[in-house]
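# Structural characterization, general
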Amino acid sequence: MDPITNPYAPGAGQRPPELAGRDEQLTRFDVVLKRIVSGRPERSLVLTGLRGVGKTVLLNQLRSAAVRAKWGTGKLEARPDQGLRRPLASALHQAVRELGHTQEDEVAHVLGVIKSFAQRDAKPGTKLREVWNPGIDAPAVKGRADSGDIEIDLVELFTDVGGLAADLGRGVAVFIDEMQDLGPEDVSAICAACHEMSQSGSPLIVVGAGLPHLPSVLSASKSYSERLFRYQRIDRLARDEADRALIAPAADELAEFEQSALDALYFATGGYPYFIQAYGKAVWDQAPQSPIRADDVRVAAPEAESELAVGFFGSRYERATPGEREYLRAMADVAADIAAKGEEELDDIETVSTADVAKLLGKKPQSLSPARDALLKKGLIYSAERGRIAFTVPHFGRYLREQT
(Lines give C-alpha, C1' and ligand atoms only; values in the text may rest on other atoms or scores of the structure.)
Protein backbone atom coordinates (compact mmCIF):
# COMPACT_ATOMS: atom_id res chain seq x y z
CA MET A 1 0.00 0.00 0.00
CA ASP A 2 1.23 3.49 -0.83
CA PRO A 3 2.32 5.26 2.42
CA ILE A 4 1.77 8.64 0.75
CA THR A 5 -1.97 7.96 0.51
CA ASN A 6 -2.19 6.51 4.04
CA PRO A 7 -5.43 8.06 5.35
CA TYR A 8 -5.04 7.36 9.08
CA ALA A 9 -4.01 10.12 11.46
CA PRO A 10 -2.77 9.20 14.96
CA GLY A 11 -2.04 12.45 16.75
CA ALA A 12 -3.01 14.38 19.87
CA GLY A 13 -6.25 16.21 19.11
CA GLN A 14 -5.91 15.50 15.40
CA ARG A 15 -9.21 14.86 13.66
CA PRO A 16 -9.42 11.35 12.19
CA PRO A 17 -10.50 11.07 8.55
CA GLU A 18 -13.78 9.50 9.67
CA LEU A 19 -15.21 10.84 12.95
CA ALA A 20 -17.16 7.71 13.80
CA GLY A 21 -19.44 7.26 16.78
CA ARG A 22 -19.92 10.92 17.70
CA ASP A 23 -23.03 11.77 15.66
CA GLU A 24 -25.25 11.85 18.75
CA GLN A 25 -23.07 14.41 20.54
CA LEU A 26 -22.85 16.65 17.46
CA THR A 27 -26.61 16.51 16.92
CA ARG A 28 -27.34 17.34 20.56
CA PHE A 29 -24.99 20.30 20.45
CA ASP A 30 -26.72 21.73 17.38
CA VAL A 31 -29.96 21.60 19.38
CA VAL A 32 -28.27 23.40 22.29
CA LEU A 33 -27.07 26.21 20.01
CA LYS A 34 -30.51 26.71 18.49
CA ARG A 35 -32.30 26.62 21.85
CA ILE A 36 -30.00 29.21 23.39
CA VAL A 37 -30.34 31.76 20.59
CA SER A 38 -34.11 31.32 20.71
CA GLY A 39 -34.08 32.27 24.39
CA ARG A 40 -34.80 28.81 25.75
CA PRO A 41 -32.94 27.53 28.84
CA GLU A 42 -29.98 25.24 28.31
CA ARG A 43 -27.05 24.03 30.39
CA SER A 44 -23.36 24.22 29.73
CA LEU A 45 -21.76 20.98 28.60
CA VAL A 46 -19.01 18.75 30.03
CA LEU A 47 -17.39 15.88 28.14
CA THR A 48 -15.56 13.24 30.19
CA GLY A 49 -13.57 10.18 29.29
CA LEU A 50 -10.21 8.42 29.33
CA ARG A 51 -7.26 9.63 27.34
CA GLY A 52 -7.34 8.47 23.75
CA VAL A 53 -11.12 8.44 23.32
CA GLY A 54 -11.14 11.65 21.27
CA LYS A 55 -12.41 14.30 23.72
CA THR A 56 -10.23 17.04 22.25
CA VAL A 57 -11.20 16.09 18.71
CA LEU A 58 -14.88 16.24 19.65
CA LEU A 59 -14.38 19.52 21.50
CA ASN A 60 -12.89 21.00 18.32
CA GLN A 61 -15.78 19.69 16.25
CA LEU A 62 -18.29 21.26 18.62
CA ARG A 63 -16.43 24.53 18.31
CA SER A 64 -16.59 24.27 14.53
CA ALA A 65 -20.36 23.78 14.81
CA ALA A 66 -20.61 26.96 16.90
CA VAL A 67 -18.52 28.88 14.36
CA ARG A 68 -20.82 27.71 11.55
CA ALA A 69 -23.75 29.01 13.58
CA LYS A 70 -21.94 32.40 13.63
CA TRP A 71 -21.29 32.25 17.36
CA GLY A 72 -18.27 33.80 18.99
CA THR A 73 -15.92 31.10 20.25
CA GLY A 74 -12.69 30.85 22.19
CA LYS A 75 -10.72 27.88 23.47
CA LEU A 76 -8.16 27.33 26.20
CA GLU A 77 -6.36 24.39 27.74
CA ALA A 78 -6.25 24.40 31.52
CA ARG A 79 -2.92 23.81 33.20
CA PRO A 80 -2.27 23.06 36.88
CA ASP A 81 0.43 25.74 37.04
CA GLN A 82 -1.59 28.54 35.44
CA GLY A 83 -4.49 30.66 36.63
CA LEU A 84 -7.64 31.21 34.61
CA ARG A 85 -7.48 34.95 33.93
CA ARG A 86 -4.92 35.14 31.13
CA PRO A 87 -5.98 32.18 28.96
CA LEU A 88 -9.67 32.99 29.42
CA ALA A 89 -9.10 36.64 28.49
CA SER A 90 -7.40 35.54 25.28
CA ALA A 91 -10.22 33.11 24.49
CA LEU A 92 -12.92 35.74 25.04
CA HIS A 93 -10.95 38.30 23.05
CA GLN A 94 -11.11 35.91 20.11
CA ALA A 95 -14.82 35.25 20.71
CA VAL A 96 -15.61 38.96 20.59
CA ARG A 97 -13.65 39.33 17.36
CA GLU A 98 -15.57 36.43 15.81
CA LEU A 99 -18.92 38.00 16.71
CA GLY A 100 -18.16 41.02 14.51
CA HIS A 101 -20.37 43.44 16.43
CA THR A 102 -20.70 46.69 14.48
CA GLN A 103 -21.12 49.11 17.40
CA GLU A 104 -17.53 50.15 18.06
CA ASP A 105 -18.23 51.81 21.41
CA GLU A 106 -19.92 48.73 22.83
CA VAL A 107 -17.20 46.44 21.52
CA ALA A 108 -14.50 48.70 22.96
CA HIS A 109 -16.23 48.64 26.35
CA VAL A 110 -16.38 44.84 26.47
CA LEU A 111 -12.78 44.53 25.27
CA GLY A 112 -11.81 46.95 28.01
CA VAL A 113 -13.54 44.75 30.56
CA ILE A 114 -11.66 41.70 29.24
CA LYS A 115 -8.40 43.63 29.52
CA SER A 116 -9.23 44.74 33.05
CA PHE A 117 -10.07 41.14 33.99
CA ALA A 118 -6.76 39.87 32.60
CA GLN A 119 -4.56 42.54 34.16
CA ARG A 120 -6.02 41.93 37.61
CA ASP A 121 -3.80 38.85 37.53
CA ALA A 122 -0.78 41.06 38.23
CA LYS A 123 0.66 40.91 41.73
CA PRO A 124 0.49 44.00 43.97
CA GLY A 125 3.35 46.41 43.27
CA THR A 126 3.89 45.26 39.69
CA LYS A 127 5.03 48.13 37.48
CA LEU A 128 2.71 49.18 34.67
CA ARG A 129 5.15 48.18 31.94
CA GLU A 130 5.40 44.71 33.46
CA VAL A 131 1.64 44.09 33.50
CA TRP A 132 0.64 41.44 30.97
CA ASN A 133 -1.24 42.86 27.99
CA PRO A 134 -3.69 40.55 26.19
CA GLY A 135 -3.20 42.41 22.90
CA ILE A 136 -6.31 44.56 23.30
CA ASP A 137 -6.07 48.15 22.07
CA ALA A 138 -9.04 49.40 24.11
CA PRO A 139 -8.29 50.95 27.52
CA ALA A 140 -9.04 48.84 30.60
CA VAL A 141 -12.45 49.54 32.16
CA LYS A 142 -11.95 50.30 35.83
CA GLY A 143 -14.44 48.95 38.30
CA ARG A 144 -15.64 46.10 36.13
CA ALA A 145 -14.34 42.49 36.44
CA ASP A 146 -11.30 43.74 38.37
CA SER A 147 -12.25 43.31 42.02
CA GLY A 148 -9.66 40.58 42.53
CA ASP A 149 -12.35 38.07 43.51
CA ILE A 150 -12.33 35.69 40.54
CA GLU A 151 -15.92 34.60 41.16
CA ILE A 152 -17.31 38.14 41.14
CA ASP A 153 -15.12 39.17 38.23
CA LEU A 154 -16.02 36.21 36.05
CA VAL A 155 -19.76 36.77 36.50
CA GLU A 156 -19.34 40.40 35.43
CA LEU A 157 -17.13 39.42 32.49
CA PHE A 158 -19.50 36.73 31.20
CA THR A 159 -22.45 39.07 31.61
CA ASP A 160 -20.86 41.75 29.44
CA VAL A 161 -19.63 39.36 26.74
CA GLY A 162 -22.97 37.56 26.68
CA GLY A 163 -24.77 40.89 26.32
CA LEU A 164 -22.71 41.70 23.25
CA ALA A 165 -23.74 38.40 21.64
CA ALA A 166 -27.39 38.93 22.59
CA ASP A 167 -27.40 42.21 20.66
CA LEU A 168 -26.73 40.18 17.50
CA GLY A 169 -29.11 37.33 18.27
CA ARG A 170 -26.20 34.92 18.58
CA GLY A 171 -24.17 33.37 21.38
CA VAL A 172 -20.69 32.82 22.80
CA ALA A 173 -19.16 29.45 23.67
CA VAL A 174 -16.00 29.04 25.72
CA PHE A 175 -14.26 25.68 25.21
CA ILE A 176 -12.01 24.43 28.04
CA ASP A 177 -9.85 21.36 27.49
CA GLU A 178 -8.27 19.45 30.42
CA MET A 179 -10.82 21.15 32.64
CA GLN A 180 -9.91 19.00 35.66
CA ASP A 181 -6.61 20.91 35.86
CA LEU A 182 -8.26 24.20 36.82
CA GLY A 183 -7.50 25.39 40.34
CA PRO A 184 -10.23 25.14 43.00
CA GLU A 185 -10.99 28.88 42.97
CA ASP A 186 -11.21 28.92 39.18
CA VAL A 187 -13.53 25.89 39.14
CA SER A 188 -15.77 27.60 41.67
CA ALA A 189 -15.81 30.77 39.59
CA ILE A 190 -16.70 28.89 36.39
CA CYS A 191 -19.59 27.16 38.16
CA ALA A 192 -20.88 30.41 39.67
CA ALA A 193 -20.66 32.25 36.35
CA CYS A 194 -22.41 29.45 34.43
CA HIS A 195 -25.12 29.43 37.09
CA GLU A 196 -25.64 33.17 36.70
CA MET A 197 -25.72 32.92 32.88
CA SER A 198 -28.31 30.15 33.09
CA GLN A 199 -30.52 32.13 35.47
CA SER A 200 -30.30 35.34 33.44
CA GLY A 201 -30.76 33.62 30.08
CA SER A 202 -27.54 35.09 28.74
CA PRO A 203 -26.40 33.36 25.50
CA LEU A 204 -23.03 32.25 26.86
CA ILE A 205 -22.07 28.68 27.65
CA VAL A 206 -18.98 26.77 28.69
CA VAL A 207 -18.09 23.50 26.99
CA GLY A 208 -15.51 21.60 29.03
CA ALA A 209 -13.64 18.36 28.49
CA GLY A 210 -11.68 16.34 31.01
CA LEU A 211 -10.88 13.05 32.66
CA PRO A 212 -13.56 10.80 34.20
CA HIS A 213 -13.24 12.39 37.66
CA LEU A 214 -14.09 15.88 36.36
CA PRO A 215 -17.72 15.70 37.61
CA SER A 216 -16.45 15.06 41.14
CA VAL A 217 -14.07 18.04 40.83
CA LEU A 218 -17.00 20.26 39.87
CA SER A 219 -19.36 18.93 42.54
CA ALA A 220 -16.70 19.40 45.23
CA SER A 221 -16.66 23.08 44.27
CA LYS A 222 -20.39 23.75 44.02
CA SER A 223 -23.06 21.33 45.15
CA TYR A 224 -25.40 22.49 42.40
CA SER A 225 -22.90 21.66 39.62
CA GLU A 226 -24.62 18.30 39.10
CA ARG A 227 -27.64 20.23 37.80
CA LEU A 228 -25.63 23.00 36.19
CA PHE A 229 -23.92 21.00 33.45
CA ARG A 230 -25.06 18.42 30.95
CA TYR A 231 -22.53 15.59 31.32
CA GLN A 232 -21.64 13.35 28.39
CA ARG A 233 -19.37 10.36 28.83
CA ILE A 234 -17.18 9.82 25.75
CA ASP A 235 -16.24 6.17 25.53
CA ARG A 236 -14.54 3.78 23.14
CA LEU A 237 -16.31 2.98 19.88
CA ALA A 238 -18.78 0.16 19.45
CA ARG A 239 -17.73 -2.55 17.02
CA ASP A 240 -19.67 -1.19 14.02
CA GLU A 241 -18.36 2.35 14.56
CA ALA A 242 -14.78 1.12 15.02
CA ASP A 243 -15.08 -0.75 11.73
CA ARG A 244 -16.45 2.39 10.05
CA ALA A 245 -13.48 4.42 11.31
CA LEU A 246 -11.22 2.02 9.38
CA ILE A 247 -13.35 1.15 6.36
CA ALA A 248 -14.50 4.62 5.27
CA PRO A 249 -11.03 6.22 4.92
CA ALA A 250 -9.73 3.11 3.13
CA ALA A 251 -12.67 3.16 0.71
CA ASP A 252 -11.81 6.75 -0.22
CA GLU A 253 -8.46 5.38 -1.37
CA LEU A 254 -10.10 2.40 -3.14
CA ALA A 255 -8.87 -0.09 -0.55
CA GLU A 256 -10.70 -2.70 1.54
CA PHE A 257 -10.33 -4.82 4.67
CA GLU A 258 -11.12 -8.50 4.98
CA GLN A 259 -13.46 -9.29 7.85
CA SER A 260 -10.74 -11.25 9.61
CA ALA A 261 -8.52 -8.14 9.54
CA LEU A 262 -11.27 -6.03 11.11
CA ASP A 263 -11.72 -8.70 13.80
CA ALA A 264 -8.00 -8.62 14.58
CA LEU A 265 -7.90 -4.82 14.67
CA TYR A 266 -10.84 -4.55 17.07
CA PHE A 267 -9.25 -7.10 19.36
CA ALA A 268 -5.97 -5.16 19.33
CA THR A 269 -7.44 -1.67 19.74
CA GLY A 270 -10.40 -2.33 22.00
CA GLY A 271 -12.31 0.27 20.00
CA TYR A 272 -10.29 3.20 21.36
CA PRO A 273 -10.10 5.89 18.65
CA TYR A 274 -6.42 6.75 19.12
CA PHE A 275 -5.41 3.09 18.97
CA ILE A 276 -7.54 2.60 15.85
CA GLN A 277 -5.66 5.38 14.07
CA ALA A 278 -2.26 4.10 15.23
CA TYR A 279 -2.97 0.54 14.12
CA GLY A 280 -4.67 1.69 10.92
CA LYS A 281 -1.61 3.69 9.92
CA ALA A 282 0.83 0.87 10.69
CA VAL A 283 -1.25 -1.78 8.93
CA TRP A 284 -1.67 0.38 5.82
CA ASP A 285 2.08 0.91 5.55
CA GLN A 286 2.83 -2.82 6.00
CA ALA A 287 0.09 -4.34 3.83
CA PRO A 288 1.37 -5.22 0.33
CA GLN A 289 -2.01 -4.75 -1.34
CA SER A 290 -5.78 -4.53 -0.91
CA PRO A 291 -7.72 -6.17 0.61
CA ILE A 292 -5.90 -5.86 3.94
CA ARG A 293 -5.75 -9.24 5.69
CA ALA A 294 -5.38 -10.52 9.24
CA ASP A 295 -1.78 -11.50 8.47
CA ASP A 296 -1.08 -7.86 7.62
CA VAL A 297 -2.38 -6.85 11.04
CA ARG A 298 -0.15 -9.44 12.70
CA VAL A 299 2.93 -8.19 10.85
CA ALA A 300 2.15 -4.53 11.57
CA ALA A 301 1.27 -5.00 15.25
CA PRO A 302 4.86 -4.58 16.58
CA GLU A 303 5.22 -1.26 14.73
CA ALA A 304 1.90 0.01 16.08
CA GLU A 305 2.76 -1.08 19.61
CA SER A 306 6.17 0.57 19.34
CA GLU A 307 4.56 3.83 18.23
CA LEU A 308 2.11 3.70 21.14
CA ALA A 309 4.87 2.78 23.59
CA VAL A 310 6.81 5.92 22.73
CA GLY A 311 4.18 8.53 21.88
CA PHE A 312 1.20 7.48 24.00
CA PHE A 313 2.34 5.42 26.97
CA GLY A 314 6.02 6.25 27.30
CA SER A 315 5.63 10.02 27.25
CA ARG A 316 3.31 9.76 30.23
CA TYR A 317 5.39 7.21 32.11
CA GLU A 318 8.46 9.46 31.80
CA ARG A 319 6.64 12.20 33.72
CA ALA A 320 6.52 10.04 36.83
CA THR A 321 9.26 9.98 39.48
CA PRO A 322 10.85 6.64 40.50
CA GLY A 323 8.53 6.40 43.50
CA GLU A 324 5.49 7.16 41.38
CA ARG A 325 6.56 4.58 38.79
CA GLU A 326 6.78 1.99 41.54
CA TYR A 327 3.19 2.82 42.48
CA LEU A 328 2.05 2.54 38.85
CA ARG A 329 3.75 -0.84 38.43
CA ALA A 330 2.12 -2.05 41.64
CA MET A 331 -1.29 -1.04 40.29
CA ALA A 332 -0.60 -3.03 37.13
CA ASP A 333 0.56 -6.08 39.12
CA VAL A 334 -2.49 -5.98 41.41
CA ALA A 335 -4.74 -5.87 38.36
CA ALA A 336 -2.90 -8.83 36.80
CA ASP A 337 -3.30 -10.79 40.02
CA ILE A 338 -7.04 -10.07 40.08
CA ALA A 339 -7.37 -11.22 36.48
CA ALA A 340 -5.38 -14.39 37.16
CA LYS A 341 -7.49 -15.38 40.17
CA GLY A 342 -10.75 -14.61 38.40
CA GLU A 343 -12.44 -13.93 41.73
CA GLU A 344 -13.76 -10.54 40.66
CA GLU A 345 -14.38 -8.79 37.37
CA LEU A 346 -11.62 -6.45 36.21
CA ASP A 347 -12.74 -3.50 34.09
CA ASP A 348 -10.91 -2.24 31.01
CA ILE A 349 -9.06 0.50 32.93
CA GLU A 350 -7.99 -1.92 35.66
CA THR A 351 -9.59 -0.29 38.69
CA VAL A 352 -7.93 -1.53 41.86
CA SER A 353 -8.05 -0.92 45.59
CA THR A 354 -5.50 1.43 47.13
CA ALA A 355 -5.28 -0.98 50.05
CA ASP A 356 -4.28 -3.81 47.69
CA VAL A 357 -1.58 -1.65 46.12
CA ALA A 358 -0.19 -0.81 49.54
CA LYS A 359 -0.27 -4.49 50.53
CA LEU A 360 1.68 -5.53 47.46
CA LEU A 361 4.32 -2.87 48.16
CA GLY A 362 4.46 -3.86 51.81
CA LYS A 363 3.69 -0.34 53.00
CA LYS A 364 0.95 1.47 54.87
CA PRO A 365 -1.57 3.25 52.61
CA GLN A 366 -0.86 6.57 54.35
CA SER A 367 2.84 6.41 53.43
CA LEU A 368 1.90 6.10 49.75
CA SER A 369 -0.40 9.12 49.76
CA PRO A 370 2.26 11.54 48.34
CA ALA A 371 2.94 9.30 45.33
CA ARG A 372 -0.75 8.67 44.75
CA ASP A 373 -1.66 12.36 45.02
CA ALA A 374 1.15 13.34 42.65
CA LEU A 375 -0.07 10.82 40.07
CA LEU A 376 -3.60 12.18 40.43
CA LYS A 377 -2.36 15.72 39.81
CA LYS A 378 -0.35 14.60 36.78
CA GLY A 379 -3.46 12.99 35.32
CA LEU A 380 -1.96 9.49 35.16
CA ILE A 381 -4.52 7.94 37.49
CA TYR A 382 -7.89 8.97 38.82
CA SER A 383 -10.23 8.00 41.63
CA ALA A 384 -13.88 7.53 40.75
CA GLU A 385 -14.74 6.36 44.27
CA ARG A 386 -13.08 6.43 47.65
CA GLY A 387 -10.38 3.81 48.13
CA ARG A 388 -10.19 2.81 44.46
CA ILE A 389 -8.00 4.08 41.63
CA ALA A 390 -7.60 3.47 37.91
CA PHE A 391 -5.37 4.45 35.02
CA THR A 392 -6.54 7.38 32.91
CA VAL A 393 -4.94 5.72 29.88
CA PRO A 394 -6.51 2.51 28.53
CA HIS A 395 -4.18 -0.51 28.29
CA PHE A 396 -1.61 1.30 30.45
CA GLY A 397 -1.38 -1.63 32.85
CA ARG A 398 -0.53 -3.98 29.99
CA TYR A 399 2.16 -1.57 28.80
CA LEU A 400 3.72 -1.43 32.28
CA ARG A 401 3.77 -5.20 32.62
CA GLU A 402 5.41 -5.62 29.21
CA GLN A 403 7.89 -2.74 29.37
CA THR A 404 9.06 -2.49 32.98
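Please read all numbers here as calculations on a predicted model, not as lab measurements.

### Considerations on the environment of threonine 73
Relative to the elements of secondary structure, threonine 73 occurs in strand E2 (residues 72-77). Residue class for threonine 73 comes out buried when judged on its relative accessible area of 0%. C-alpha separation for the pair threonine 73 and phenylalanine 267, spaced 194 residues apart in sequence, amounts to 39 Å. With residues up to four places along the chain from it excluded, the contact list for threonine 73 reads Arg63, Ala66, Val67, Ala91, Gln94, Ala95, Glu98, Ala173 and Phe175. At 3.0 Å, the side chain of threonine 73 and the side chain of arginine 63 are in polar contact.

### Let's talk about the packing of helix H9 (residues 239-252) against helix H10 (residues 259-269)
Close contact between H9 and H10 brings their axes to 10 Å; oriented N to C, the two are set at 115 degrees. When the axis of H9 is compared with that of H10, the two are roughly perpendicular. You can see that H9 and H10 cross each other, and the crossing is right-handed. Along the contact surface, H9 presents Arg239, Ala242, Asp243, Leu246 and Ile247, while H10 presents Gln259, Leu262, Asp263, Leu265 and Tyr266. Of the residues contributing to the contact of H9 with H10, the split by class is six nonpolar, one polar and three charged.

### As for the pairing of strand E3 (residues 172-177)
Along E3, six of the six residues are buried, which leaves the element largely enclosed by surrounding structure. The side-chain alternation of E3 yields two buried faces, one formed by Val172, Val174 and Ile176 and the other by Ala173, Phe175 and Asp177. As paired strands, E2 and E3 are joined by six bridges and run parallel to one another. Looking at E3, one finds that glutamate 77 is bridged to aspartate 177. The pairing of E3 with strand E4 (residues 204-210) spans five bridges and is parallel. When the bridges of E4 are listed, alanine 173 appears paired with isoleucine 205. Following the chain from E3 across helix H6 (residues 184-200) to the adjacent parallel E4, one finds a crossover that is right-handed.

### A look at the sheet that holds strand E8 (residues 388-391)
Across the sheet, which stays open at both edges, the three strands sit in the order E6-E8-E7 with antiparallel pairing between neighbours. The open sheet has two edge strands, strand E6 (352-353) and strand E7 (381-385), and neither has a second partner. The pairing of E6 with E8 spans two bridges and is classified as antiparallel. Of the residues in E8, the one forming a bridge with serine 353 is arginine 388.

### Section: the state of the cysteines
Tallying each qualifying case throughout the model produces zero disulfides. The closest cysteine sulfur to the non-disulfide-bonded cysteine 191 is located on cysteine 194, 6.9 Å from its own sulfur.

### Observations concerning the pattern of salt bridges
One pass over the structure, following the stated rule, counts 22 salt bridges. For arginine 398, the salt bridge goes to glutamate 305, with nearest N and O atoms at 3.9 Å. With arginine 398 in helix H16 (residues 396-403) and glutamate 305 in helix H12 (residues 294-317), the pair connects residues that are 93 residues apart, well separated along the chain. Accessibility expressed as a relative area gives 25% for glutamate 305, which makes it partly exposed. Taken together, the salt bridges that share partners define one network made up of Glu18, Asp23, Glu241 and Arg244.

### Structural notes on the packing of helix H4 (residues 104-119) against helix H5 (residues 150-167)
Direction vectors running N to C along H4 and H5 enclose 160 degrees, while the axes themselves pass 10 Å from each other. The orientation of H4 relative to H5 falls into the category roughly antiparallel. In terms of crossing hand, the pair formed by H4 and H5 is left-handed. Residue-level inspection shows Glu106, Val107, His109, Val110, Val113, Ile114 and Phe117 of H4 in contact with H5, the latter providing Ile150, Asp153, Leu154, Leu157, Asp160, Val161, Leu164 and Asp167. Classifying every residue of the contact of H4 with H5 gives ten nonpolar, one polar and four charged.

### Remarks on the sheet that holds E3
Reading across from one edge, E2-E3-E4-E1-E5 is the order of the five strands in this open sheet, with parallel pairing throughout. Every interior strand has two partners, whereas the edge strands, E2 and strand E5 (229-233), have only one. Averaged over all adjacent pairs, the angle separating strand axes in this sheet is 15 degrees, with direction ignored. Along the sheet, helix H2 (residues 55-68) contacts strand E1 (44-48), E2, E3 and E4; its crossing angle with E2, the most-contacted strand, is approximately 160 degrees.

### Brief notes about H2
Taking 1.5 Å per residue as the helical rise, H2 with its 14 residues ought to reach 20 Å, and the 20 Å between its terminal C-alpha atoms agrees with that figure. Burial in H2 covers these residues: Lys55, Val57, Leu58, Leu59, Gln61, Leu62, Arg63, Ala65 and Ala66. On its buried face, H2 sits against helix H1 (23-37), E1, E2, helix H3 (85-99), E3 and E4. Directly after H2, the chain includes lysine 70, whose backbone phi takes a positive value near 65 degrees.

### Topic: a negative patch on the surface
A surface patch of like charges, here negative, comprises Glu104, Asp105, Glu106 and Asp167. Topologically, aspartate 105 is positioned in helix H4. Residue classification places aspartate 105 among the exposed residues on the basis of a relative accessible area of 67%.

About the cut-offs
Residues numbered from 1 in each chain as written. Predicted model: local features only at pLDDT ≥ 70, side-chain atom pairs only at ≥ 80, totals over all residues. Heavy atoms only, no water. Helix = DSSP H or I, 4+ residues; strand = E, 2+ residues; numbered from the N terminus. Buried < 20%, exposed > 50% of the residue type's maximum accessible area, 1.4 Å probe, protein only. Contact = heavy atoms within 4.5 Å. Polar contact = N/O pair within 3.5 Å; in protein donor to acceptor, adjacent residues only side chain to side chain. Axes fitted to C-alpha atoms, helices over the stretch in contact; angles between N-to-C directions. Parallel < 35°, antiparallel > 145°, perpendicular 65-115°, else oblique. Left-handed = near helix turned anticlockwise from the far one by under 90°. Nonpolar A, V, L, I, M, F, W, Y, C, P; charged D, E, K, R; others polar. Pairing = 2+ DSSP bridges. Right-handed = clockwise from strand over helix to strand, strands pointing away. Disulfide = S-S within 2.5 Å. Salt bridge = Lys/Arg side-chain N within 4 Å of Asp/Glu carboxyl O. Expected span 1.5 Å × (residues − 1). Patch = residues over 30% accessible without salt bridge, like charges linked within 9 Å, V, L, I, M, F, W, Y side chains within 5 Å. Areas by Shrake-Rupley, 256 points an atom, 1.4 Å probe, with all protein chains shown as cover. Lys, Arg positive; Asp, Glu negative; His and termini not counted. Charge placed at Lys NZ, Arg CZ, Asp CG, Glu CD.

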